[in-house]
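Chain by chain, the residues:
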Amino acid sequence: MTKVSMTVNGRSMSGDIEGRTLLVDFLRQGLGLTGTHVGCDTSQCGACVVHVDGKAVKSCTVFAADVAGAEVTTIEGMGNPDGSLGVIQQAFQDHHGLQCGFCTPGMVMSAAALLAENPKPTEAEIRHYLEGNICRCTGYHNIVKAIMAASGQDVSAVAAE
Amino acid sequence: MYAFDFVKPSSIDGAAEALQEEEAMALGGGQTLIPSMKQRLAAPSVLVSLGGIAEMRGVCIADDGAVCIGGATPHAVVAAEAAASYPALAALAGGIGDPAVRNRGTIGGSLANNDPSACYPAAALGSGATIVTNTRKIAADDYFEGMFTTALEPGEIITEVRFPVPQAANYQKFLQPASRFALTGVFVAKYADGVRVAVTGASEGGVFRWSEAEAALSADFSPAAVEGLTVSPEGMIGDLHGTPAYRANLVKVLTKRAVAAAG
Ligand SMILES: Cc1cc2nc3c(=O)[nH]c(=O)nc-3n(C[C@H](O)[C@H](O)[C@H](O)COP(=O)(O)OP(=O)(O)OC[C@H]3O[C@@H](n4cnc5c(N)ncnc54)[C@H](O)[C@@H]3O)c2cc1C
Ligand code: FES
Ligand code: FES
């Protein structure tokens, strides 16, 4: 066991890990931040996406030790300080961008990374960017709508539900 | 996954030394190695992260005009930073996997792994790149030795990859949508002294140069130049996604598309 420290959602956090401890396990089991989900554990589904130093990564395919000292943002860091939903989260609710909700933490984190890079993406750019995020429920249209809405764009042209 | 010791040296020398340890392995972005370790297909005793070595990250231009990419540079950084100097290479890097894979996966890891369906091997072979390691320089033509096999010695680290910049180039990837790798991919590059055509995803022997197309395109750089050529399905990969004949046909189709797109 070695000690690792990183900044998670703006707060300095530390805990004991093994070399093989995955970032997602450190977040969920070490820090109790269970909002980040494990869907596949094989780097395919994107349910586990978090930001490391502002970049979207699959936390099931990163060792915690490899990101020691980094700034990590998880779904728990996406709400407003008063506890209300952040803009992207609210848009997912407003546009019915989730059903079971399992993929949603990763979807929201990928959407946030996209909007940071490209504040007004086209529908095609959103669909392309979500290539690594799999949803078994929604059929994606409402997720794309939610992200369009979160970026302040008109959603009426997005394919029907 | 079996337990191991994790180290993260800050210099190439430090990493080379740590890799002398019995059963030590280098860790690039982990996008291939971590899944292999979960399946216990790889079980290093020491994992040496290359992510802390600043001199192995980033894109620069050498005195001779070649684009030099640090061995631990993630695909997303190549997509952004090589866009002006070598657009076809940047586009290839920007088409690997998905955004999260591109933020972690590195050029050194991709070339060391030499997956038969990976994209970077086609760019390296198609550009006649030089693979620079901590001990020597290897020409791409001497580097790829077959599926998952390269000229690298145990413990050898890819520190940089140098790409001579062509007059025109293009990569066409026929996407295998489940894996997001190439079902087949073709990289075409036109240099003053001839055209190079490298094919990934098709052959049981891994990435290869299609020399007949190179000769035809060196004489006439147009899609029509390869029209009369055929690719033998012998030795091509056959799986549930495509038969050997299907892949052999794709090689020609994608070569024509790449030439048309390169202009
Ligand atoms: C969902 C998904 C989709 C993908 N799609 C594509 C795709 O479309 N095209 C494609 O080309 N690839 C694709 N990949 C693979 C991806 O590009 C990997 O990043 C890459 O193959 C391995 O790079 P890495 O840095 O992650 O290496 P690692 O996984 O860390 O290491 C792989 C191997 O290389 C060795 N190694 C790592 N760095 C070095 C170095 N600098 N010198 C010497 N040895 C080293 C390691 O010891 C290990 O044996 C995909 C991966 C995933 C998970
Ligand atoms: S749990 Fe990480 S990609 Fe599916
Ligand atoms: S809402 Fe159920 S998987 Fe996406």
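Treat the numbers as computed from the prediction; the structure is a model and nothing was measured.

Section: the overall build of chain A
Part 1 of the reasoning: Scanning chain A for helices and strands turns up 5 helices and 5 strands.
Part 2 of the reasoning: Ordered by position from N to C terminus, the α and β elements of chain A give β-β-α-β-β-β-α-α-α-α.
Part 3 of the reasoning: A compact globule built from 161 residues would reach a C-alpha radius of gyration of about 15 Å, and chain A, at 16 Å, matches this within 12%.
Part 4 of the reasoning: With respect to the principal axes defined by its C-alpha atoms, chain A has extents near 55 × 35 × 25 Å.
Part 5 of the reasoning: Burial statistics for chain A: of 161 residues in total, 52% are counted as buried.
Part 6 of the reasoning: Partitioning the intrachain contacts of chain A with sequence separation of at least 6 by distance along the chain shows that 52% fall at a separation of at least 24.
Part 7 of the reasoning: Here chain A carries 10 positive and 16 negative side-chain charges, and the mean point of each set is 3 Å from the other.

Some points on the site of ligand 1
Part 1 of the reasoning: Surveying the vicinity of ligand 1 reveals 32 residues, the closest of which are Ala26, Leu33, Thr106, Cys119 and Arg180 of chain B.
Part 2 of the reasoning: More than one chain reaches ligand 1: its neighbouring residues belong to chains A and B.
Part 3 of the reasoning: The contact in question runs from an oxygen atom of ligand 1 to an N or O atom on the backbone of Gln31 of chain B, over 2.8 Å.
Part 4 of the reasoning: A distance of 3.5 Å separates an oxygen atom of ligand 1 from a polar atom in the backbone of Ser110 of chain B.
Part 5 of the reasoning: Relative to its unbound accessible area of 960 Å², ligand 1 is 94% covered by the protein chains.
Part 6 of the reasoning: Among the secondary structure elements, those contributing two or more residues to the shell around ligand 1 are strand 2 (24–27) and helix 6 (107–113) of chain B.
Part 7 of the reasoning: Ranked by residue count, the leading element in the shell around ligand 1 is helix 6 of chain B, at 4 residues.

Some points on the sheet that holds strand 2 of chain B
All names here are of chain B.
Part 1 of the reasoning: In spatial order, the strands read 1-3-2; together these 3 strands make up an open sheet with parallel pairing. Each having just a single partner strand, strand 1 (5–7) and strand 2 make up the two edges of the open sheet. Adjacent strand axes in the sheet meet at a mean angle of 25° when their direction is disregarded.
Part 2 of the reasoning: Bridging between strand 1 and strand 3 (residues 46–49) involves 3 bridges; their strand directions are parallel. Looking at the pairing, Val7 lines up with Val48 of strand 3.

Points about the packing of aromatic side chains
Each aromatic ring pair is characterised by the separation of its centres together with the angle its planes make.
Residues and elements named next belong to chain B.
Part 1 of the reasoning: According to the stated counting rule, one finds 6 aromatic pairs over all chains in the structure shown.
Part 2 of the reasoning: With 6.3 Å between their ring centres and 80° between their planes, Tyr86 and Phe163 make a pair best called edge-to-face. Here Tyr86 is found in the loop between helix 3 (75–81) and helix 4 (87–94), whereas its partner Phe163 is found in strand 8 (residues 158–163), with 77 residues between them in sequence. Note on accessibility: Tyr86 and Phe163 belong to one class, buried.
Part 3 of the reasoning: Positioned over the ring face of Tyr2 is Arg40, at 4.0 Å from the centre of the ring.
Part 4 of the reasoning: For the cation-ring pair, Lys190 lies above Phe221, with the distance from its terminal atom to the ring centre recorded as 5.7 Å.

Some remarks on the sheet that holds strand 5 (residues 71–73) of chain A
Residues and elements named next belong to chain A.
Part 1 of the reasoning: An order of 2-1-5-3-4 is seen for the 5 strands of this open sheet, with the pairing classed as mixed. The open sheet has two edge strands with one neighbour each: strand 2 (11–17) and strand 4 (55–58). Ignoring which end each strand starts from, the neighbouring axes of this sheet average 40° apart.
Part 2 of the reasoning: Taken together, the 7 bridges between strand 1 (residues 2–8) and strand 2 define a ladder with antiparallel strand orientation. Its bridge partner lying in strand 2, Thr2 is registered against Ile17.
Part 3 of the reasoning: Contacts from helix 1 (residues 23–30) reach strand 1, strand 2, strand 3 (49–52) and strand 5, with the element oriented near 85° to strand 1.

As for the side chain of Thr21 of chain A
All names here are of chain A.
Part 1 of the reasoning: Within the fold, Thr21 resides in the loop between strand 2 and helix 1.
Part 2 of the reasoning: Here Glu18 takes part through its backbone nitrogen, which lies 2.9 Å from a polar atom of the side chain of Thr21.
Part 3 of the reasoning: Setting aside residues up to four positions removed in sequence, Thr21 forms contacts with Phe26, Phe63 and Ala64.

Thoughts on the interface of chain B and chain A
Part 1 of the reasoning: Taken residue by residue, the interface counts 27 residues in chain B and 21 residues in chain A.
Part 2 of the reasoning: Three residues, Lys38, Arg104 and Arg180 of chain B, lead the burial of chain B against chain A; their summed loss comes to 26% of the area buried on that side.
Part 3 of the reasoning: Where chain B touches chain A, the interface holds 4 salt bridges.
Part 4 of the reasoning: In this structure, Lys38 of chain B engages Asp41 of chain A in a salt bridge whose closest nitrogen and oxygen atoms are separated by 2.6 Å.
Part 5 of the reasoning: Counting every contact that joins chain B to chain A gives 11 residue pairs in polar contact (both at pLDDT 80 or more).
Part 6 of the reasoning: Sort the elements by how many residues they give to the side of chain B that touches chain A and helix 5 (residues 99–104) of chain B lands first, with 5 residues.

Cut-offs and rules
- Residues numbered from 1 in each chain as written.
- Chains lettered and ligands numbered in written order.
- Predicted model: local features only at pLDDT ≥ 70, side-chain atom pairs only at ≥ 80, totals over all residues.
- Heavy atoms only, no water.
- Helix = DSSP H or I, 4+ residues; strand = E, 2+ residues; numbered from the N terminus.
- Rg over C-alpha atoms; globule rule 2.2 N^0.38 Å.
- Buried < 20%, exposed > 50% of the residue type's maximum accessible area, 1.4 Å probe, protein only.
- Contact = heavy atoms within 4.5 Å.
- Lys, Arg positive; Asp, Glu negative; His and termini not counted.
- Charge placed at Lys NZ, Arg CZ, Asp CG, Glu CD.
- Near = heavy atom within 4 Å.
- Polar contact = N/O pair within 3.5 Å; in protein donor to acceptor, adjacent residues only side chain to side chain.
- Areas by Shrake-Rupley, 256 points an atom, 1.4 Å probe, with all protein chains shown as cover.
- Pairing = 2+ DSSP bridges.
- Axes fitted to C-alpha atoms, helices over the stretch in contact; angles between N-to-C directions.
- Phe/Tyr/Trp six-rings, centres within 6.5 Å; stacked < 30°, edge-to-face > 60°.
- Lys NZ or Arg CZ within 6 Å of the ring centre and 35° of its normal.
- Buried area = accessible area lost by both parts, 1.4 Å probe.
- Salt bridge = Lys/Arg side-chain N within 4 Å of Asp/Glu carboxyl O.

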